[in-house]
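Read off the chains here:
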Amino acid sequence: MAKILFCPKNIQKNAKVLDIACGEGYGSDFLAQKLKYVVGIDISEETVMHSRKKYIRDNLQFLVGDIAKIPLENNSVDGIVSFETIEHVDEKTQIEFLKESKRVLSRDGILVVSCPNKRIASDFAYELWGYTNIYHKKEYEIDDFELL
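### Some details on the overall build of the chain
Here comes step 1: Looking only at helices and strands, the chain has five helices and five strands in total.
Here comes step 2: Written out in order from the N terminus, the α and β elements of the chain read β-α-β-α-β-β-α-β-α-α.
Here comes step 3: Across the 148 residues that make up the chain, the buried fraction comes to 41%.
Here comes step 4: The long-range fraction of contacts in the chain, counting pairs at least 24 apart against all pairs at least 6 apart in sequence, stands at 60%.
Here comes step 5: Accessible area of the chain: about 9,300 Å², with a carbon and sulfur share of 52%.

### Some details on the nonpolar core
Here comes step 1: In terms of nonpolar packing, the biggest core is built from 16 residues, with Leu 18, Ile 20, Ile 41 and Leu 72 touching the most fellow members.
Here comes step 2: Every element with two or more residues in this core is listed here: strand E1 (16-20), strand E2 (37-42), strand E4 (77-83) and helix H3 (91-104).
Here comes step 3: Discounting residues that sit within four places of it in the chain, Leu 18 has contacts with Val 39, Ile 41, Ile 70, Leu 72, Val 77, Gly 79, Ile 80, Val 81 and Val 104.
Here comes step 4: Grouped together as the second largest cluster of nonpolar side chains are 14 residues, Ala 15, Leu 31, Ala 32 and Leu 60 included.

### Side note on the environment of Tyr 37
Here comes step 1: Position of Tyr 37 relative to the elements: it lies in strand E2.
Here comes step 2: With relative accessibility at 22%, the residue Tyr 37 sits in the partly exposed group.
Here comes step 3: Along the chain, Tyr 37 and Lys 16 lie 21 residues apart, while their C-alpha atoms are 4.6 Å from each other.
Here comes step 4: Setting aside residues up to four positions removed in sequence, Tyr 37 forms contacts with Ala 15, Lys 16, Val 17, Asn 59, Leu 60 and Gln 61.
Here comes step 5: Within the structure, Tyr 37 has its side chain in polar contact with the side chain of Gln 61 (distance 2.4 Å).

### Let's talk about the pairing of E2
Here comes step 1: Of all six residues that make up E2, five are buried, and the element is covered over most of its length.
Here comes step 2: Looking at chain direction, E1 and E2 are connected through five bridges and run parallel. The partner of Asp 19 across the bridge, within E2, is Gly 40.
Here comes step 3: Crossover connection from E1 via helix H1 (residues 26-34) to parallel E2: handedness right-handed.
Here comes step 4: For the segment spanning E2, helix H2 (residues 45-54) and strand E3 (residues 60-64), crossover handedness is right-handed.

### Looking at the pairing of E4
Here comes step 1: Most of E4 is tucked away: five of the seven residues are buried.
Here comes step 2: Where E1 lies against E4, three bridges are found, and the strand directions are parallel. By the bridge assignment for E4, Asp 19 is matched with Val 81.
Here comes step 3: By the bridge criterion, six bridges tie E4 to strand E5 (residues 105-114) in an arrangement that is parallel.

Conventions used here
- Residues numbered from 1 in each chain as written.
- Predicted model: local features only at pLDDT ≥ 70, side-chain atom pairs only at ≥ 80, totals over all residues.
- Heavy atoms only, no water.
- Helix = DSSP H or I, 4+ residues; strand = E, 2+ residues; numbered from the N terminus.
- Buried < 20%, exposed > 50% of the residue type's maximum accessible area, 1.4 Å probe, protein only.
- Contact = heavy atoms within 4.5 Å.
- Areas by Shrake-Rupley, 256 points an atom, 1.4 Å probe, with all protein chains shown as cover.
- Core = buried A, V, L, I, M, F, W, Y, C linked by side-chain atoms within 4.5 Å.
- Polar contact = N/O pair within 3.5 Å; in protein donor to acceptor, adjacent residues only side chain to side chain.
- Pairing = 2+ DSSP bridges.
- Right-handed = clockwise from strand over helix to strand, strands pointing away.

Structure follows, in structure tokens:
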């Protein structure tokens, strides 16, 4: 199982952070050990129910929600983390996610997003093994991701 081994230095210990598309919740729990408050949001109600039972902290909350319609108030978080999510939705939803991120972030908030490099993760895998990840809707090479 992968582990998050860092928290960006720009995110201060007294920050409120959103872990969007948090999945099982272990990343949200890790962040809650370091930060003032963390909310993990995932589209799967079953996954959120599991997370609520497994990771219990006073400064950690799990909600059901969509990356294109984040169920938080405007300017309500200091940071957003989104790991390996954006490639699983179409371009329209990716843009909506970025708009929603801007809406819920505080004025000086930061967004940390990761996605696989298309050239390495997909093109190379296809060339070597004929493998295509059917769950990826829109992938990016580094330059295109920076433009997004």
